[in-house]
Amino acid sequence: MAEHHISLPLTDPMVEQLRAGDSVRLSGVVYAARDAAHRRFVEALGRDEHLPVDLDGQVIYYVGPTPARPGRVIGAAGPTTAMRLDPFLPRLLEIGLKGTVGKGGRTPAAREAIRRHHAVYFQAIGGLGALLARHITAVEVVAYEDLGTESVKRMVLEDFPCFVCVDAHGGYLPEVGRSRWRDPAVLGDYLSSTTETYGG
Amino acid sequence: MTRPPREVDVTRIEETVARLCQEAAHVLPDDVYAALRQAASSEQAPLAREVLTQILENAVVARQEMIPLCQDTGTTVVFLEIGQDVHLVGGDVHAAVNGGVARGYAEGYLRASIVDHPITSRVNTRDNTPAVIHTELVPGDRVRVIVVPKGGGCENMSRFRVMLPAAGAGGIRELVLRTVEESGGNPCPPLIVGVGVGGTAEHAMYLAKRAILRPAGEHHPDPEVAAFERELLAQVNATGVGPQNVGGMTTALAVNVEVFPTHIASLPVAINLQCHSARQKSAEI
């Protein structure tokens, strides 16, 4: 599978090339936002208000970092579960959001929205808080400061490692990877569950 | 002649909790690190091997540079095993634990992830309190404190079901495999799968939580339960989910089953998943 070094913002020809399973290194600006900020974004859009940041053509990183120690840019800063933000994704894609970075998979509805808007979802490795912090070179709170770790932050990434999980053509990494490594002989009469769900 | 109880000042518990919160957030337990290394050396899928390599590297960087292993420094779950010959003095032990959490999270630059009201306001309490505290009385005159920073991503994938007794081992297996497959990458595999079977609804979930604390590679003392754990681990790893759901042979490092007698009509089964950043730290006072 291909390896891409991408300078943000994303462009359509760049997104076109990406395929689920490709390795990616991201450099440039992303916006950090998670649960509480997403709720505010969508509520603001519902009131026809402008968002505090222009997300047109941008990438959101689903992250709530630990506080930076003195002299450091940021604390631990790995991805949070993307599926939790799926209810908000279609609305943000409508206003031009081009990509998201998180952990885990996405619901079929979110995947379809990504395909329809010719966008992309990058999967970073969850639980890599210390290592990924090394690839974040600048951080600035730009909105909702009262939310603490959940505030919206402008971050500059440098060679940030991730994979393409959902591409613009309907490709989905778990569907590619799982079937290859499944061992029916060990699983016996257990019938696979193909649905991914958020929680029991 | 009976001995007087040993006095333990709760400020010692507060100090211990503050220290353990910070150590747990930065240092991956040796048994988990060893299990991950073993998995990385036997994993055949290239992408999965790359993920495992980075997870190991993350543990080294976290310890050396004092950056938390994961930005989700969790709900602080604290187990207090209090010897029955201990007399706690100096104040409210729950307040002491929460004082320790608040101090530990501030001093360690750990993330405050607790909101005050789960349904309505959901405002961050800013110091990660309150902790979830489990107290148990045990023989002796010591206090054992276990601090478990439990991540939201994996805790969210917990499941509980009361099965028909006729469902038996097959039913439990079905629920374990389904939970792992449907959770996909959300709980951050490779996992430690905790399974609590028996008792009542709340006790089964408690057993599942205790099960994730068992050192990786250690099996249940009952050989039949141990054999069931081995079988479940092989099957979980045959699902192909792999580390972070990228596909591979390492979906779990361990499946730990705890059992308790139950009602003639019941088969309660609880599942608690632990992520690869399986943090815990304990101390005895």
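Residues numbered from 1 in each chain as written. Chains lettered and ligands numbered in written order. Predicted model: local features only at pLDDT ≥ 70, side-chain atom pairs only at ≥ 80, totals over all residues. Heavy atoms only, no water.

## Thoughts on the pairing of strand β2 (residues 75–83) of chain B
Residue and element names in this part refer to chain B. Note the following rule: For each residue, the accessible area found with a 1.4 Å probe, counting protein chains only, is set against the maximum for its type, and the residue is called buried under 20%, exposed over 50%, and partly exposed in between. Numbering of helices and strands runs from the N terminus, with a helix taken as a DSSP run of H or I at least four residues long and a strand as a DSSP run of E at least two residues long. For two strands to be treated as a pair, DSSP must find no fewer than two bridges joining them.
For β2, the buried fraction is high: eight of the nine residues fall into the buried class. Where β2 and strand β5 (residues 143–150) come together, eight bridges link them in antiparallel fashion. Counted as the bridge partner of Ile 82 is Val 143 from β5. Across seven bridges, β2 lies against strand β4 (residues 132–138) in parallel orientation. Counterpart to Val 77 in the pairing with β4 is Val 132.

## Some remarks on the packing of helix α2 (residues 30–42) of chain B against helix α3 (residues 46–65) of chain B
Residues and elements named next belong to chain B. Basically, it comes down to this: Axes, fitted as lines to C-alpha atoms, cover a helix only where it is in contact. Angles between the N-to-C directions of the axes lie from 0 to 180 degrees. Orientation categories follow fixed angle ranges, with anything under 35 degrees roughly parallel, anything over 145 roughly antiparallel, 65 to 115 roughly perpendicular, and all other angles oblique. For a crossing to be left-handed, the near helix must be turned anticlockwise from the far one by less than a right angle; the clockwise case is right-handed. Contact between two residues is taken to exist if any of their heavy atoms lie within 4.5 Å; hydrogens are not considered. Think of it as three bins: nonpolar holds Ala, Val, Leu, Ile, Met, Phe, Trp, Tyr, Cys and Pro, charged holds Asp, Glu, Lys and Arg, and polar takes everything else, Gly as well.
At a closest axis distance of 9 Å, the pairing of α2 and α3 adopts a crossing angle of 150 degrees. Judged on the interaxial angle alone, α3 and α2 are roughly antiparallel. By crossing handedness, the relation of α2 to α3 is classed as left-handed. Residues Tyr 33, Leu 36, Arg 37, Ala 39 and Ala 40 of α2 pack against Arg 49, Leu 52, Ile 55, Leu 56, Ala 59 and Val 60 of α3. Counted by class, the contact of α2 with α3 contains nine nonpolar, no polar and two charged residues.

## Some details on the pattern of salt bridges
Residue and element names in this part refer to chain A. The line we're drawing: Only one rule defines a salt bridge in this text: a Lys or Arg side-chain nitrogen within 4 Å of an Asp or Glu carboxyl oxygen.
Per the counting criterion, the structure on display carries 30 salt bridges over all chains. The salt bridge partner of Asp 86 is Arg 106, with a shortest N-O separation of 2.6 Å. A residue pair is termed long-range when its members are at least 10 positions apart, and Asp 86 in the loop between β3 (59–61) and α3 (89–94) and Arg 106 in the loop between β4 (99–102) and α4 (108–116) qualify at 20 residues. An identical accessibility class is assigned to Asp 86 and Arg 106; each is buried. Ionic pairing is found between Glu 112 and Arg 116, a salt bridge with its closest N-O pair at 3.9 Å.

## Quick notes on the packing of aromatic side chains
Stated formally: Aromatic pairing here means that ring centres of Phe, Tyr or Trp (its six-membered ring) are within 6.5 Å. Orientation follows from the plane angle: under 30 degrees is stacked, over 60 is edge-to-face, and everything else is tilted. Either the NZ atom of lysine or the CZ atom of arginine qualifies as a charge over a ring when it sits within 6 Å of the ring centre and within 35 degrees of the ring normal.
What the rule picks out here adds up to three aromatic pairs over all chains. Measuring from centroid to centroid gives 5.9 Å for A:Phe41 and A:Tyr144, while their planes differ by 50 degrees, and the two rings are tilted. In this pair, A:Phe41 sits in helix α2 (residues 35–46) while A:Tyr144 sits in the loop between β6 (136–143) and β7 (152–166), placing the two residues 103 residues apart along the sequence. A:Tyr144 carries the same exposure label as A:Phe41, and that label is buried. A centroid spacing of 6.2 Å and a plane angle of 55 degrees characterise the contact between B:Phe79 and B:Tyr206, whose relative ring orientation is tilted. One end of the pair, B:Phe79, is in strand β2; the other, B:Tyr206, is in helix α7 (residues 201–211), with 127 residues separating them in the sequence. Cation over ring: A:Arg106 sits above A:Tyr121, and NZ or CZ is 4.8 Å from the ring centre. Between the NZ or CZ atom of A:Arg111 and the centre of the ring of A:Tyr172, over which it lies, the distance is 3.7 Å.

## Topic: the sheet that holds β4(B)
All names here are of chain B. The strand order β4-β2-β5-β10 describes an open sheet built from four strands, whose pairing is mixed. Of all strands in the sheet, those with a lone pairing partner are β4 and β10 (281–284), marking the two edges. Between one strand axis and the next, the sheet turns by 15 degrees as a mean value, whatever way the strands run. Of the pairings in the sheet, the one linking β5 to β10 comprises four bridges and is antiparallel in character. Counterpart to Val 145 in the pairing with β10 is Ala 283. Strands β2, β4 and β5 of the sheet are contacted by helix α4 (residues 93–107), whose axis makes an angle of about 140 degrees with β2. Strands β2, β4 and β5 of the sheet are contacted by α7, whose axis makes an angle of about 95 degrees with β2.

## Points about the interface of chain B and chain A
To keep things clear, this is the line we draw: By buried area we mean the combined loss of accessible area, with a 1.4 Å probe, across both parts when two parts are placed together.
Each partner contributes residues to the interface: chain B has 56 residues there, and chain A has 57 residues. Summed over both partners, the interface of chain B with chain A comes to about 4,600 Å²; 53% of that surface belongs to carbon and sulfur atoms. Of all residues in chain B, the largest losses of buried area upon contact with chain A belong to B:Gln71, B:Tyr109 and B:Glu181, amounting jointly to 15% of the total for that side. A salt bridge links B:Glu181 to A:Arg182, with the shortest nitrogen-to-oxygen separation between them at 2.7 Å. Elements supplying a minimum of two residues to the side of chain B that touches chain A: α3, α6 (168–183) and α8 (223–237) of chain B. The biggest single contributor to the side of chain B that touches chain A is α3(B), with ten residues. Looking at side-chain class alone, the side of chain B that touches chain A contains 23 nonpolar, 22 polar and eleven charged residues.

## Topic: the sheet that holds strand β6 (residues 159–163) of chain B
Residues and elements named next belong to chain B. Pairing is mixed in the open sheet, where four strands are placed in the order β6-β9-β7-β8. In the strand order of this sheet, the two ends are held by β6 and β8 (252–262), each with one partner. Taking the axes of each pair of neighbouring strands and ignoring which way they run, one obtains an average angle of 15 degrees across the sheet. Judged from the six bridges that link them, strand β7 (residues 191–199) and strand β9 (residues 267–274) form a sheet pairing that is antiparallel. Following the sheet pairing, Ile 192 is matched in β9 by Gln 274. On top of the sheet, α6 reaches β6, β7 and β9; it is set at about 30 degrees to β9, its chief contact. Helix-sheet contacts for α7 involve β6, β7, β8 and β9, and the interaxial angle to β7 is about 150 degrees.

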